[in-house]
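Breakdown of the fold
Listed below are the residues making up each chain.
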There are 2 protein chains.
Amino acid sequence: MKTQLKKGTLEMCVLALLARADSYAYELVSRLADCMEISEGTVYPLMRRLQAEGWVTTYLVESASGPSRKYYALTATGRQSLAEMQVEWREFVAEVNSVLAPQAASEAAQAKRNNPQGEVE
Amino acid sequence: MKTQLKKGTLEMCVLALLARADSYAYELVSRLADCMEISEGTVYPLMRRLQAEGWVTTYLVESASGPSRKYYALTATGRQSLAEMQVEWREFVAEVNSVLAPQAASEAAQAKRNNPQGEVE
DNA sequence: GACACTACTTTGCATTGCAAGGTACATGGC
DNA sequence: GCCATGTACCTTGCAATGCAAAGTAGTGTC
C-alpha cells in the first residue's frame with residue numbers, strides 16, 4: 001500500500017532534497033532513506049524524467065575512491081515546479097483529511113493558517 | 001500529477017465515507033466530488049476489490065425512480081483496515097513533510113500530538 | 001420511440017513505483 | 001592476478017491503480 005501512496009510524491013521529494021544541496025542519484029537514495037525509501041530502480045528513471053522536464057541539470061565529478069559521480073542540480077524551472085508541487089501536495093492532503101474526518105480537517109486548516117510558510121487559500 | 005497522488009488513497013477515502021453511511025457506488029462518486037474526484041471507471045473495480053478483501057458487503061435496494069441500487073456497507077474487518085490505513089496515511093504525510101521542510105515537519109508533529117484524534121508515535 | 005438522467009460495468013491505456021539483473025570502477029585480501 | 005566487496009550507474013519486466021471511453025439497463029418525459 002505504501003508504494004501506491006508514494007506515487008506522485010517522489011519527484012517532489014527528490015526536487016526538495018536537491019533544493020537544499022546538489023546530489024548524485026545513489027546519494028539521494030541514502031539521503032531519502034532517513035525519512036522514506038526510494039529504490040535504485042526508481043531513482044534513475046526518475047532523474048531522467050526530471051532532466052527531460054528541464055528541472056535539473058547534471059555535471060560529472062571525479063570520485064577519489066570509486067567511479068565518477070553524476071551530480072544533479074536544480075534549475076530555476078525546477079525550483080518553480082517544486083513550489084507548485086508543494087502547493088498541490090498541501091491541497092491534496094487537506095482534501096484527503098477532509099474526507100477522513102471533516103471536523104479534524106478544519107482544525108488542520110487552522111494550523112495551516114498559523115504556519116508562516118503556509119499560504120492562505 | 002494529481003492522479004498519481006491519489007493512488008493509494010482512494011480505497012481509504014471510500015472506506016471512510018462508508019464508515020459514516022452506507023452508499024451505492026454512483027453516490028460515492030458524487031459524495032466524494034465535494035472534496036476530491038474519483039471517476040466511475042475507478043470506483044466500480046475499486047468496490048470489487050474492497051469486497052474481495054472482505055471490507056465491504058453489499059445489498060440491493062429498489063429505487064423509486066430508476067434502476068435498483070447496490071449499496072455497500074463497511075464490515076468490521078473493513079473498519080479495522082480503515083483505521084490502519086489512516087495511521088499509515090498520517091505517517092506517510094509526516095514523512096513527506098519531513099522531506100519537504102524538516103523544520104516545518106517537526107511543528108506539524110507537535111500539532112499532531114495536540115490533536116485528540118491523533119495517536120502518539 | 002427518442003432522449004435525458006440515473007446506476008452499473010468493462011476495458012484499454014498511461015503512469016510510476018519495485019525488484020532483479022546487469023555494468024563499471026576502486027580497494028583489499030589471498 | 002583473481003576474487004570479493006563496496007560504490008555508483010543503469011535497464012527491464014512487472015504490478016498496481018488511476019482515468020477515459022464505451023457500453024448496458026431502468027425510469028420518466030415528450
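The coordinates are above.
This report concerns the structure included in the present document. Everything quoted here is computed from the prediction, not taken from an experiment. (Residues numbered from 1 in each chain as written. Chains lettered and ligands numbered in written order. Predicted model: local features only at pLDDT ≥ 70, side-chain atom pairs only at ≥ 80, totals over all residues. Heavy atoms only, no water.)

**Let's talk about helix 2 (residues 10–20) of chain A**
What counts is decided by this rule: Partly exposed describes any residue whose relative accessible area lies between the buried limit of under 20% and the exposed limit of over 50%, with all areas from a 1.4 Å probe on protein chains only and scaled to the type maximum. Helix and strand assignments come from DSSP, with helices taken as H or I runs of at least 4 residues and strands as E runs of at least 2, each series counted from the N terminus.
Within helix 2 of chain A, 9 of the 11 residues are buried, which leaves the element mostly enclosed by the surrounding structure. For helix 2 of chain A, the full list of buried residues reads Leu10, Glu11, Met12, Cys13, Val14, Leu15, Ala16, Leu17 and Leu18 of chain A.

**Some words on the protein's contact with DNA strand C**
This is how it is decided: By convention in these notes, a residue is near a molecule or strand provided one of its non-hydrogen atoms lies within 4 Å of it. For this analysis, a polar contact is any N or O atom pair within 3.5 Å, provided that within protein one partner can donate a hydrogen and the other can accept it, and provided that sequence-adjacent residues contribute only side-chain to side-chain pairs. When residue character is reported, Ala, Val, Leu, Ile, Met, Phe, Trp, Tyr, Cys and Pro are called nonpolar, Asp, Glu, Lys and Arg charged, and the others, Gly included, polar.
Every one of the 28 residues lining DNA strand C counts as a neighbour, but Lys6 and Thr42 of chain A together with Tyr44, Arg48 and Arg69 of chain B are closest to it. Contact distances for DNA strand C include 2.9 Å between a phosphate oxygen and a backbone N or O atom of Lys70 of chain B. Broken down by secondary-structure element, the contributors of at least two residues to the surface near DNA strand C are helix 1 (2–6) and helix 4 (40–52) of chain A together with helix 3 (25–33), helix 4 (40–52) and strand 3 (69–74) of chain B. Top contributing element to the surface near DNA strand C by residue count: helix 4 of chain B, with 5 residues. For the surface near DNA strand C, the residue count by class is 10 nonpolar, 9 polar and 9 charged.

**Quick look at the sheet that holds strand 2 (residues 56–61) of chain A**
All names here are of chain A. Stated precisely, the cut-off is as follows: Only when DSSP finds a minimum of two bridges between them are two strands counted as paired. Throughout, a residue-residue contact means that at least one pair of heavy atoms, one from each residue, lies within 4.5 Å. Each axis is a line fitted through C-alpha atoms, taken for helices only over the stretch in contact, and angles between the N-to-C directions span 0 to 180 degrees.
The sheet built from 3 strands is open, its strands ordered 1-3-2 with antiparallel pairing. Here the strands that pair on one side only, and so sit at the sheet edges, are strand 1 (23–24) and strand 2. Inspection of the sheet shows strand 2 paired to strand 3 (residues 69–74) by 6 bridges, in the antiparallel sense. Counterpart to Tyr59 in the pairing with strand 3 is Tyr71. Contacts between helix 4 and the sheet are confined to strand 2 and strand 3, with strand 2 contributing the most and set at about 120 degrees to the helix.

**With respect to the sheet that holds strand 1 (residues 23–24) of chain B**
Residue and element names in this part refer to chain B. Taken in spatial order, the 3 strands make up an open sheet running 1-3-2, and their pairing is antiparallel. For this open sheet the edge positions go to strand 1 and strand 2 (56–61), each flanked by a neighbour on one side alone. Sheet topology places strand 1 next to strand 3; 2 bridges connect them, and they run antiparallel. When the bridges of strand 3 are listed, Tyr24 appears paired with Tyr71.

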